[in-house]
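# Breakdown of the fold
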There are 2 protein chains.
Amino acid sequence: MHPLFAKHQATLAAATAATAARGWHSPYPESPSRRHHPPGARAAGEAAFAACLGRDFALDTAGPPRGWVGEEVSPYTGAPLGIRSPDPDPDRTLAAAQAAMGPWAAAGPEARIGVCLEALDQLAGEVFASAQATMHTAGQAFLMAFAGSGANALDRGLEAVVHAWAAMERIPARATFTRRFGRGAPVTLDKRYRLVPVGPALVMSCGSYPAWNAWPAVFANLATGNAVILKPHPDAILPMAMGVRRLRAVLAEAGFDPALVALAPDTRAAPVAMAYLEHPALRIVDFTGSQRFGRWLEDHCHRLQVYTETAGCNAAVLLSTDDLDATLHAIAHSLCIFSSQMCTAAQNIWLPATGVETPTGRVAPAEVQRRLVAQIDALVADPAVAAGLCGAIQSPAVLDDIAALRAAAPAVGRVLRDSAPYPHPDHPRARTATPLVVAVEAPGATLHQREHFGPMAFVLTAPDAEAAIARAADEAGRFGAIASYAWTTDAAQQERVIDAFAAAGASVGLNLQRQLPINYAAAYSDFHVTGLNPAGSACLTDLAFVARRFRVVQAKLERPAPPADGS
Amino acid sequence: MHPLFAKHQATLAAATAATAARGWHSPYPESPSRRHHPPGARAAGEAAFAACLGRDFALDTAGPPRGWVGEEVSPYTGAPLGIRSPDPDPDRTLAAAQAAMGPWAAAGPEARIGVCLEALDQLAGEVFASAQATMHTAGQAFLMAFAGSGANALDRGLEAVVHAWAAMERIPARATFTRRFGRGAPVTLDKRYRLVPVGPALVMSCGSYPAWNAWPAVFANLATGNAVILKPHPDAILPMAMGVRRLRAVLAEAGFDPALVALAPDTRAAPVAMAYLEHPALRIVDFTGSQRFGRWLEDHCHRLQVYTETAGCNAAVLLSTDDLDATLHAIAHSLCIFSSQMCTAAQNIWLPATGVETPTGRVAPAEVQRRLVAQIDALVADPAVAAGLCGAIQSPAVLDDIAALRAAAPAVGRVLRDSAPYPHPDHPRARTATPLVVAVEAPGATLHQREHFGPMAFVLTAPDAEAAIARAADEAGRFGAIASYAWTTDAAQQERVIDAFAAAGASVGLNLQRQLPINYAAAYSDFHVTGLNPAGSACLTDLAFVARRFRVVQAKLERPAPPADGS
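In what follows, the accompanying structure is described.

## Re the overall build of chain A
When you go through chain A residue by residue, the secondary structure sums to 16 helices and 19 strands. Since a compact globule built from 567 residues should have a radius of gyration of about 24 Å, the 25 Å found for chain A is in line with a globular shape. Taken along the three principal axes of its C-alpha coordinates, chain A extends 95 × 60 × 50 Å. A buried classification covers 63% of the 567 residues belonging to chain A. Counting only contacts in chain A whose residues sit at least 6 apart along the sequence, the fraction spanning at least 24 positions is 75%. Where the 46 positive side-chain charges of chain A centre and where its 50 negative ones centre are 7 Å apart.

## Here's the deal with unusual backbone geometry
The step from Leu516(A) to Pro517(A) runs through a cis peptide bond, and the omega angle for that step is 0°. Put simply, Gly199(B) and Pro200(B) share a cis peptide bond, and its omega is 15°. In the Ramachandran plot, Phe338(A) falls in the positive-phi region, its phi being about 45° despite a non-glycine side chain. Turning to its location among the elements, Phe338(A) is positioned in the loop between α11 (324-336) and β11 (348-352). Overall, Phe338(A) belongs to the buried group, its relative accessible area being 1%.

## Overview of the sheet that holds strand β17 (residues 484-487) of chain A
One open sheet holds the 10 strands; their spatial order is β14(A)-β15(A)-β16(A)-β11(A)-β10(A)-β17(A)-β18(A)-β19(B)-β4(B)-β3(B), and the pairing between them is mixed. At either end of the open sheet lies a strand with only one pairing partner, and these are β14 (413-417) of chain A together with β3 (174-179) of chain B. Ignoring which end each strand starts from, the neighbouring axes of this sheet average 25° apart. Across 3 bridges, the pairing between strand β10 (residues 315-318) of chain A and β11(A) is parallel. In the strand pairing of β11(A), Ala316(A) is matched with Ile349(A). Along the sheet, helix α12 (residues 365-381) of chain A contacts β10, β11, β14, β15 (436-440) and β16 (456-462) of chain A; its crossing angle with β14(A), the most-contacted strand, is approximately 40°.

## Considerations on the interface of chain B and chain A
Contact with chain B, which involves 78 residues of that partner, is made by 78 residues of chain A. Of the roughly 6500 Å² buried between chain B and chain A on both sides combined, carbon and sulfur atoms contribute 54%. Per-residue buried area on chain B facing chain A is highest for Arg170(B), Arg514(B) and Arg551(B); these three make up 12% of the total on that side. Along the contact surface separating chain B from chain A lie 10 salt bridges.

## Side note on the packing of aromatic side chains
By convention here, two paired aromatic rings are described through the distance between centres and the angle between planes. Under the criterion given, the structure shown has 24 aromatic pairs over all chains. Aromatic side chains Phe142(A) and Phe146(A) sit 5.9 Å apart centroid to centroid with 45° between the ring planes, which places their arrangement in the tilted category. Of the two residues, Phe142(A) and Phe146(A) are both situated in helix α6 (residues 142-169); the distance of 4 residues between them amounts to about one turn of the helix. On the numbers, 6.2 Å between centres and 75° between planes, the contact of Tyr209(B) with Phe338(B) is edge-to-face. Taken together, the residues span a long stretch of sequence, with Tyr209(B) in the loop between β5 (201-204) and α7 (210-223) and Phe338(B) in the loop between α11 (324-336) and β11 (348-352) at a distance of 129 residues. For the pair Tyr209(B) and Phe338(B), one class covers both residues: buried. A connected cluster of aromatic rings, assembled from ring pairs, spans Phe128(A), Phe142(A) and Phe146(A). Positioned above the aromatic ring of Phe545(A), the side-chain terminus of Arg549(A) is 4.4 Å from the ring centre. For the cation-ring pair, Arg22(B) lies above Tyr193(A), with the distance from its terminal atom to the ring centre recorded as 5.2 Å.

## Quick word on the sheet that holds strand β8 (residues 284-288) of chain A
Each strand in a sheet pairs with another by means of backbone hydrogen bonds, the pair being arranged parallel or else antiparallel. Residue and element names in this part refer to chain A. Judged by pairing direction, the sheet is parallel, and its 5 strands sit side by side in the order β7-β6-β5-β8-β9 without closing on themselves. Of all strands in the sheet, those with a lone pairing partner are β7 (261-263) and β9 (305-309), marking the two edges. Each neighbouring strand pair of the sheet contributes to a mean axis angle of 15°, computed without reference to strand direction. Of the strand pairs in this sheet, β8 and β9 are connected by 5 bridges, and their pairing is parallel. Opposite Phe-287, over in β9, you have Thr-308 as the bridge partner.

The rules behind each value
- Residues numbered from 1 in each chain as written.
- Chains lettered and ligands numbered in written order.
- Predicted model: local features only at pLDDT ≥ 70, side-chain atom pairs only at ≥ 80, totals over all residues.
- Heavy atoms only, no water.
- Helix = DSSP H or I, 4+ residues; strand = E, 2+ residues; numbered from the N terminus.
- Rg over C-alpha atoms; globule rule 2.2 N^0.38 Å.
- Buried < 20%, exposed > 50% of the residue type's maximum accessible area, 1.4 Å probe, protein only.
- Contact = heavy atoms within 4.5 Å.
- Lys, Arg positive; Asp, Glu negative; His and termini not counted.
- Charge placed at Lys NZ, Arg CZ, Asp CG, Glu CD.
- Pairing = 2+ DSSP bridges.
- Axes fitted to C-alpha atoms, helices over the stretch in contact; angles between N-to-C directions.
- Buried area = accessible area lost by both parts, 1.4 Å probe.
- Salt bridge = Lys/Arg side-chain N within 4 Å of Asp/Glu carboxyl O.
- Phe/Tyr/Trp six-rings, centres within 6.5 Å; stacked < 30°, edge-to-face > 60°.
- Lys NZ or Arg CZ within 6 Å of the ring centre and 35° of its normal.

This is the structure:
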């Protein structure tokens, strides 16, 4: 048994059990509290981040870099990070990746799994540094950057390792096969089964939440023997560069070629993805980002295995509740948290025209709208609270989109709540924006039928509760949804909600209000993208995500016949 | 637990264990000996087949059939079977299939697996009849039709059920999730996971060996909740029609809609596959047949999951042997058995120019060729033996291909052994042909670099043993191979053979000579298509074959907060 497999066997076993039981589980610290970390860990992480600023990021590449790229700007300070990463030659990078895959594949599943688990542990050990990197590129608030892009993302990575292990450990390295053919003596064959990775893979991470999707893809590929070229979003290179550096160090320490994980940074002006996507050596692409590019990949990259996690117009269907303000607080919280820049954020809030049923009677849509706005206002009133909740706006383009939606609102309805910056207490130049909420009133309006990335939401009214369910589910199926939400106290209606969303190929969370954020997707418990609607194909968390990344080549060797005379 | 799951649980458990141990296993009788069957089973099967001849095949369809089609001709008698099957309307068939999938999916994995296992048992119970149907359409000899298209094919189907069960049983129907969010009391969510099939699927079976590939695809689809439209090759409808009738009866008996399995027969003149492939309702295609159509599916049907099992130019590399005549007998046997109409038949026999090493010294290629021809001659000399071994030629086109190769031979080398009919003792009008063997002598000849379906083989000479390995493996990687073979008594060279074929993405059997036929691929033990060379993508026998045929949709429901005062 490989020593790293032995070292982490208990972690693997516990995560495997969690994936079966699907309750809460995590081997990684989700809290930055000093109780869970060595003394000085936070300060050391901050210092490690600060040490990256204003200089070139040291990372070996396959051959000399073509240049150095990087133009990240902190959403908090507005200042360029001043970090450049080496831009490797794609031909050399893929050639090195292919060459590195030979010994990596030959090492076998246990060695690879062991190295992956060690890498996850070591990544967990530098979350204080990577959280700073995530904050100052993606714009996440510290706690989210620490937990959501730390433990939660590593848990998703571990989950991919669990599934990869499950798919591979079913196949023994060797077997003995004996049977009679015709009337002869039994024949024995020694069989060997070799797992052959299909990669290399390109993993394209997103700008707002890079780690959460990157680690599942990176570890699904590595565990099954594939080399990874990680192409980060040009706005969020640093957290991925830190991860790549750590992964390469772990691989080298374990005696493998660090070329198994390479970084392919680029800029908006000179994107590099196509050089890899069109390269004959590439075999897999894992993409997180826009529905448009995800669909382009699915429609055009037929030579590749394509796994996508894109976007949808997530619904929140509010029909009845035991506690209207608690429910509206949960919805408002989803619109505010990380300024609605999560793939699981609610966007389209559906109300029955007949009103929302509550213990004190039906509440008319206008009143629900008013109280929703009040909940949002309350959440963002205190800048310190707003800062911890909303974080910053990842890209200036989001502010443009907010302005565009504000201008478009009168054509479809009206603005219920306008967006405005909030003053960040620590970072006066932070790019911030509170939610813009638009009531859609024009029949046939379609503005809400796509993702509006950032703090933008719509309130829609359907004739009655059943119509609200039907319309929300229909749009999830047609335009995509990664997470949908509904509130109803009626048990039979709950079943209809579940059935309607399932028929549309969409998952749904019901009556979430004490689980805050409602956006939270739990590793080992929640499946992610269903693959049944336009929000993408990569569940991230099932066997389908790993089972095709390797194939089986076998050899069978017939044993010579025993001597006829028994000598 | 569903009663059929309970009934067949031991079968599932034993097959699951066999898939892990990968030794010999089968719950179905491979031998037609009366010891293994009820009295009169063979006669009853023959009578059931005879009762099908000369009449319309009764099979319910979704709506009235558009017509009745069927033009199968027995390769043994040369006479039309006179059987027509109903040609259903594709729109109605797919609509009925989709409608049937709802309750089938909702029934859950245990019910579906139970029904599949029952269906396999019932199919095993009518192998005497289906063997006659396979003989008189595909042209297989009786023993092959009984074992290879009976138990062996059903074993492959059961293997698909095992993998589907493994992929599904990992996902519980329900789970309870409890954790704290922030400083609040623990929150509990009830979660449900629904397996949603992605189908319907079109299964396109081949003319020469329909059951062996159809059953894995049919059962992989059914087990995961998908309806199946089975489109048989127009030359081999009857064995599939019998299977579809049995499957529909089992489904109906278990309370499910028989529309879950439909037959879509056609003729060469009016092929029906495109009506399904281009239909927006179709989601999966499982294809067995030509490399050309398989590649067309892979290149054009991007909307579909495409699984292909096509063809290659399987090599037999003969370098050294303890018993040259036994090895040549094994190769000759592979060229003769079912007239080389199996996807695992050897085609390109590679020899080192330096000769084949034997216990009595090196044997020059010319002498090896002579003795190979002598082995073939011996195998086909006795018509009764030839009949049992070679069976009949599935299609008249094969005879055309033999004639074409005979004519082309002088341009690339010479005919070592000509093909000729052998007189079938029971069926004087049988379409038969013994192997045509061509020595390839022209440098740069490419004629052998594709499958020649039927009793055609090439003998090629490489400068030395290592060159023979390299060329055979290279061509497997470039032109495809489903099975490759090599003989060498040198342990180090065995490793080089295994590595060279693995690097080309091809499986290899070494020193097979007591396993007769060498073509034999053992369910539960041998993986099939690797997916790493042009011979197709469908392993048939791994998780990758099943894991994407369903997706997971989840619902999570937050439990209300407990009353604050504990009352």
